[in-house]
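# Observations on chain architecture
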Amino acid sequence: MEEYVELDAVEKYNNLFGLETKHPLVNVIDLSKATRYPEHFRIHYGVYALYLKDSYCGDILYGRQAYDYQAGTVVGFAPGQVVATDVPAGTRPLAHGLMFHPDLIRGTALGNEIKNYTFFSYETREALHLSDDEKRIVMECLGKIEAELNRPADRHSRRLIVANIGLLLDYCMRFYERQFVTRKQVNKDVIVRFERLLDEYFDAETPQQAGLPTVKYFAERVFLSPNYFGDLISKQTGKTASEYIQHKLVEKAKDSLRATNKTVGQIAYELGFQYPQHLNRMFKRLVGCTPNEYRVQV
């Protein structure tokens, strides 16, 4: 029978695996110390969590998609996500990790910056694959946090714990950026497909039916989460995915302005704009003149 955990407190995860609770808002996880091993459970996260897998830990599903969660990989989850895990009977999962409640970082610099750690929202087949040196760094960061949890709390404790969590997340961000580079050919394939999908979107009547294209629309069609897709596009092109789409819109508008006598309103409608002035503003921002001024120049 599947267990359902509304994980709005660190203690609830500790209870799920029979782990000791040393702090109500944060815990360094070591499943080798677990005294309980549930086989089927679904977690609705109300906390942040990072897991470094040491051995086979069962299958992790986000919706209907499975994580590429091999030994030596890291996955992250954020409040609001629902994740199911199936562990075969008799399997003893081994993993290290970190779990912390949003209240721990509320009002801190990390609390203001947590949204920038986009890997917490990566969804399908997007685990972080670590080298041996990178695993050692992650374990050292976890060790520093655990050392603070093991000593008597004082006025410096929270600040040092939060600082070391920030250090760990910064390293993970660096490792994710490295992964974008090492998967360069795969990423290029995504860019090529993105370009093809953009052309197909505008060549069909999709803009008139669905409006302006969104990052989410294209991310779903290359089987990536919007955040991962956005980061990949940014690393490969120097533009955000939204900027990339906007430049494509402007190029399509230029083509129509040069090759047809259609009004700016007609062109705007065909591209999916609700109002012509929205195209005017985007065009002037990116080109430096209005569509009608551009038409006169060419």
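Look up a bit, the structure's there.
As a starting point, this report considers the structure included with it. In every chain, residue numbers begin from 1 and rise along the written sequence. A pLDDT threshold of at least 70 governs which residues receive local features in this predicted model, and a stricter bar of 80 or more applies before side-chain atom pairs are shown or counted, although totals over entire chains, interfaces and linings include all residues. To obtain the side-chain values, all non-hydrogen atoms of the structure were used and water was disregarded.

## Remarks on the pairing of strand 4 (residues 48-53)
So the rule is basically this: Between buried and exposed lies partly exposed: a residue is buried under 20% and exposed over 50% of the maximum accessible area for its type, with that area taken using a 1.4 Å probe on protein chains only. Here a strand is any run of E in DSSP of at least two residues, a helix any run of H or I of at least four, and the numbering for each starts at the N terminus. We treat two strands as partners when DSSP finds at least two bridges between them.
Among the six residues of strand 4, six are classified as buried, and the element is accordingly described as predominantly covered. Because side chains alternate across strand 4, one face comprises the buried residues Tyr 48, Leu 50 and Leu 52, and the other comprises Ala 49, Tyr 51 and Lys 53, equally buried. Here strand 4 pairs with strand 9 (residues 95-100) via six bridges, running antiparallel. Looking across to strand 9, one finds that Tyr 48 is bridged to Phe 100. Inspection of the sheet shows strand 4 paired to strand 7 (residues 73-77) by four bridges, in the antiparallel sense. Residue pairing for strand 7: Leu 52 is matched across the bridge by Val 74.

## Focus on the packing of aromatic side chains
The cut-off we apply is this: Only centres within 6.5 Å qualify two rings of Phe, Tyr or Trp (six-membered ring in Trp) as a pair; their planes then separate them into stacked at under 30 degrees, edge-to-face at over 60, and tilted for everything else. In this analysis the charged atom, NZ for Lys or CZ for Arg, is taken to sit over a ring once it is within 6 Å of the ring centre and within 35 degrees of the ring normal.
Counted according to the given criterion, the structure contains 19 aromatic pairs. Ring geometry for Phe 17 and Phe 41: centres 5.7 Å apart, planes at 90°, overall edge-to-face. Highlighted residues: Phe 17 in helix 1 (residues 10-17) and Phe 41 in strand 3 (residues 40-45), separated in sequence by 24 residues. With a centroid separation of 5.1 Å and 20° between ring planes, the pair formed by Tyr 45 and Phe 77 is classed as stacked. Of this pair, Tyr 45 sits in strand 3 while Phe 77 sits in strand 7, and the two are 32 residues apart along the sequence. Per residue, the accessibility class of Tyr 45 equals that of Phe 77, and both read buried. By way of ring pairs, the aromatic residues Phe 194, Tyr 201, Phe 202, Tyr 217, Phe 218, Phe 229 and Tyr 244 are connected into one cluster. In this structure, Arg 221 is placed above the aromatic ring of Tyr 217, and the distance from its NZ or CZ to the ring centre is 3.6 Å.

## As for the side chain of Glu 148
Selection criterion: The charge count includes Lys and Arg as positive and Asp and Glu as negative, but it does not include His or the ends of the chains. What counts as a salt bridge is simple: a side-chain nitrogen of Lys or Arg found within 4 Å of a carboxyl oxygen of Asp or Glu. The criterion used for residue contact is that any of the two residues' heavy atoms lie within 4.5 Å.
For Glu 148, the position within the fold is in helix 4 (residues 132-150). Buried charged residue Glu 148 carries no salt bridge. Nearest counter-charge: Arg 151, at 4.4 Å. Setting aside residues no more than four positions away along its own chain, Glu 148 makes contact with Ser 157, Leu 160 and Ile 161.

## Side note on the sheet that holds strand 7
The test is simple: To define axes, lines are fitted to C-alpha atoms, for helices over the stretch in contact only, and angles between the resulting N-to-C directions are given on a 0 to 180 degree scale.
If you walk across this open sheet you meet the five strands as 2-9-4-7-10, and the pairing is antiparallel. The open sheet has two edge strands with one neighbour each: strand 2 (26-30) and strand 10 (128-129). Packing against the sheet, helix 4 makes contact with strand 2, strand 4, strand 9 and strand 10, and its axis sits at approximately 130° to strand 2.

## With respect to the environment of Gln 297
Mapping Gln 297 onto the fold places it in helix 13 (residues 291-297). Linking Gln 297 and Arg 258, residues 39 residues apart in sequence, is a C-alpha distance of 9.8 Å.

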